[in-house]
Amino acid sequence: MTLTVEGRVLETDPEGYLRRLEDWDEDVARAMARADDIELDENHWEVLQFLKEYYEQYQLAPPVRVLTRAIAKRLGRDKGSSRYLYRLFPDGPAKQACRYAGLPKPTNCI
Amino acid sequence: MATPARKRFLWMSRRAPHGSVQAQEGLDALLMAVAFEQPVSVVFLDDGVYQLKRDQDPARIGRKNFCAGFPSLGIYDVHDIYAERESLALRGLREEDLLMPVRVVDSAALGALMEAHDVVMSF
Amino acid sequence: MVSEGPAQRQSAESAYHFAQAALAKGHEVIRVFFYHDGVHVGARASTPPQDERNIGAQWSALAAEQGLDLVVCVAAAARRGVLDEEAGRRLDQAPAPGSLLPGFRAAGLGQLIESGIDADRLIVF
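Criteria and cut-off values
- Residues numbered from 1 in each chain as written.
- Chains lettered and ligands numbered in written order.
- Predicted model: local features only at pLDDT ≥ 70, side-chain atom pairs only at ≥ 80, totals over all residues.
- Helix = DSSP H or I, 4+ residues; strand = E, 2+ residues; numbered from the N terminus.
- Rg over C-alpha atoms; globule rule 2.2 N^0.38 Å.
- Buried ≥ 20, exposed ≤ 12 C-beta atoms within 10 Å, placed from the backbone.
- Contact = placed C-beta atoms within 7 Å.
- Pairing = 2+ DSSP bridges.
- Axes fitted to C-alpha atoms, helices over the stretch in contact; angles between N-to-C directions.
- Arc of directions from axis to C-beta.
- Core = buried A, V, L, I, M, F, W, Y, C linked by C-beta atoms within 7 Å.
- Nonpolar A, V, L, I, M, F, W, Y, C, P; charged D, E, K, R; others polar.
- Parallel < 35°, antiparallel > 145°, perpendicular 65-115°, else oblique.
- Right-handed = clockwise from strand over helix to strand, strands pointing away.

Enquirer: I'd love a proper account of the overall build of chain B, names of residues and values included.
Expert: For chain B, the helix and strand inventory stands at three helices and five strands. Listing every helix and strand of chain B by position from the N terminus yields β-α-β-β-α-β-α-β. The globule rule puts the C-alpha radius of gyration for 123 residues at 14 Å, and the 14 Å found for chain B is close to it. By residue count, 40% of the 123 residues in chain B fall in the buried class. Contacts in chain B between residues at least 24 apart in sequence constitute 73% of all its contacts with a sequence separation of at least 6.

As structure tokens, then:
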């Protein structure tokens, strides 16, 4: 499968994750979100930024089940709640936000 | 749903980080125990202490630097992280060579550590 | 937990003998989790010569006889080509993907941790 961003054709897996993580830029995130009818605002970007920094620092995505705990520690308790995060990312913060942020597909999900 | 019971897990990580994927998969399993909100301790021994070596650059041999993930354990309240003194000494590693602070324990103390945990995993 | 592959290590065989002995003594084996290269034990495609032991088939037969829960780690299996991406993605719909021997199923690491919590003993082979 492919995703077209500003004239670039990027390869994705069947779930829409980038095949090559180095293809990521902010336009990619915006294009993925638009395909899901989501317009990224500053609250979305704050979470995506958090995920990118976390991945950069630790070379892994936060484990799915404790993602909210990690976000609460960094961004505050009001934002580290499933309710807040699912409002921003209806398909689940781990799956959807990691995809927009250009992280590898979470494997620890089951 | 979530099992209410809690067990004390001890992770014994004994392999060098990049010669096989085993240590990396050990970290994956450890993170799953963390996600299950089980109390987890980790001890690095034998070649496993190499996982704690700071300033690794395994991308040059095509490997991911998964050891950078160990410092994230503190976020999830995993603080009981040990390295065996003898294993460090045999490999010429000092505490200042390590990528994060750990508790250095004597080999003789490992038995008591294993005794103090319900589930001992070896990776 | 079986943590080594069947061709170069004895892990899967030692675990098999241990499980048989434990069952014979009246213990319950609630799950066998195949991790690392251990996932190769569940690969349907492995076909050693007829005069050699096929440990995967033996586990499969023991599972049928004793109702064992044999679980192959989905992430480790996908990494090694024992499961393809499609099978990994459709876990919920396909309990026994075609690339695994009968009696084996693919699931996540949560199954390993859950076994550690539920069992009296978790033994790593």
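Enquirer: Account for the overall build of chain C, with residues named and values stated.
Expert: From N to C terminus, chain C includes five helices and three strands. Counting the 125 residues in chain C, one finds 42% classified as buried. A sequence separation of at least 24 residues applies to 67% of the contacts in chain C between residues at least 6 apart.

Enquirer: Give me the lowdown on the sheet that holds strand β5 (residues 119-122) of chain B, citing residues and values where you can.
Expert: Residue and element names in this part refer to chain B. With parallel pairing, five strands are arranged side by side in an open sheet as β4-β3-β2-β1-β5. At either end of the open sheet lies a strand with only one pairing partner, and these are β4 (103-105) and β5. When strand polarity is set aside, the average angle formed by the axes of neighbouring strands in this sheet is 25°. Note: strand β1 (residues 9-13) against strand β2 (residues 40-44), five bridges, orientation parallel. Note that in β2 the partner of Trp-11 across the bridge is Val-42. The sheet strands contacting helix α1 (residues 22-35) are β1 and β2, and the helix crosses β1 at an angle near 170°.

Enquirer: Explain helix α1 (residues 26-35) of chain A to me, using residue names and the numbers behind them.
Expert: An α-helix turns once per 3.6 residues; consequently, residues spaced three or four apart project the same way. Residues and elements named next belong to chain A. Along α1, the residues classified as buried are Val-28, Ala-29 and Met-32. All buried residues of α1 fall inside an arc of 100° around its axis, so they share one side. Exposed side chains of α1 directed beyond 90 degrees from the buried face belong to Asp-27 and Arg-34. Backbone geometry just downstream of α1 places Asp-37 in the positive-phi region, at approximately 60°.

Enquirer: Describe the nonpolar core, listing the residues and the values that go with them.
Expert: With 93 residues, the main nonpolar core has Leu-51 of chain A together with Phe-34, Val-72 and Cys-73 of chain C as its most contacted residues. For this core, the element with the highest residue contribution is α1 of chain B, accounting for nine residues.

Enquirer: Go over the interface of chain B and chain C, please, and point to the residues and values.
Expert: Taken together, the 15 residues of chain B in the interface contact 14 residues of chain C. Residue contributions to the side of chain B that touches chain C peak at six residues, all from α1 of chain B. Split into classes, the residues belonging to the side of chain B that touches chain C amount to eight nonpolar, four polar and three charged.

Enquirer: Could you give me a rundown of the packing of helix α2 (residues 42-58) of chain A against helix α5 (residues 93-100) of chain A, with the residues and numbers involved?
Expert: All names here are of chain A. The contact between α2 and α5 brings their axes to 9 Å, and the two run at 80°. The angle between the axes of α2 and α5 places the two elements in the roughly perpendicular class. Where α2 abuts α5, its residues Val-47, Leu-48 and Leu-51 lie against Pro-93, Ala-97, Cys-98 and Tyr-100. Classifying every residue of the contact of α2 with α5 by side-chain character gives seven nonpolar, no polar and no charged.

Enquirer: I'd like to hear about the interface of chain B and chain A, residue by residue, with values.
Expert: Opposite the 14 residues of chain B that make contact, chain A presents 11 residues. Residue composition of the side of chain B that touches chain A, grouped by class: nine nonpolar, three polar and two charged.

Enquirer: Lay out the pairing of β2 of chain B with the relevant residues and their values.
Expert: Taken across its five residues, β2 of chain B has four buried, putting it largely inside the fold. The parallel pair β1 of chain B and β2 of chain B is bridged by α1 of chain B, and the resulting crossover is right-handed.

Enquirer: Give me the lowdown on the sheet that holds strand β2 (residues 70-73) of chain C, citing residues and values where you can.
Expert: Neighbouring strands of a sheet are bound in pairs by backbone hydrogen bonds; such pairs are parallel or else antiparallel. Residue and element names in this part refer to chain C. With respect to topology, three strands assemble into an open sheet ordered β1-β2-β3, the strand pairing being parallel. Whereas interior strands pair on both sides, the edge strands pair on one side only; in this sheet they are β1 (32-34) and β3 (104-107). Taken pair by pair, the neighbouring strands of this sheet meet at an average axis angle of 30°, ignoring direction. Bridge analysis of β1 against β2 gives three bridges, and the strand direction is parallel. Bridge pairing links Phe-33 to Val-71 in β2.

Enquirer: Talk me through unusual backbone geometry; I want residue IDs and the actual numbers.
Expert: Here the phi dihedral of Asp-46 of chain B falls at roughly 50°; this positive angle occurs in a residue that is not glycine. With respect to the helices and strands, Asp-46 of chain B occurs in the loop between β2 and β3 (81-84). At His-36 of chain C, a residue that is not glycine, the phi angle is positive and equals roughly 50°. With respect to the helices and strands, His-36 of chain C occurs in the loop between β1 and α2 (55-66). His-36 of chain C gets classed as buried once you count the C-beta atoms within 10 Å, which come to 24.

Enquirer: Give a detailed account of the packing of α2 of chain A against helix α3 (residues 67-75) of chain A, specifying residues and quantitative values.
Expert: Residue and element names in this part refer to chain A. Relative orientation of the contacting elements α2 and α3 amounts to 100°, with a least axis distance of 11 Å. Between α2 and α3, the angle is such that the two are roughly perpendicular. Where α2 approaches α3, its residues Glu-46, Val-47, Phe-50 and Tyr-54 are matched on the opposing element by Ala-70, Ile-71, Arg-74 and Leu-75. Grouping the constituent residues of the contact of α2 with α3 by class yields six nonpolar, no polar and two charged.

Such coordinate-based values are descriptive only and should not be taken to indicate function.
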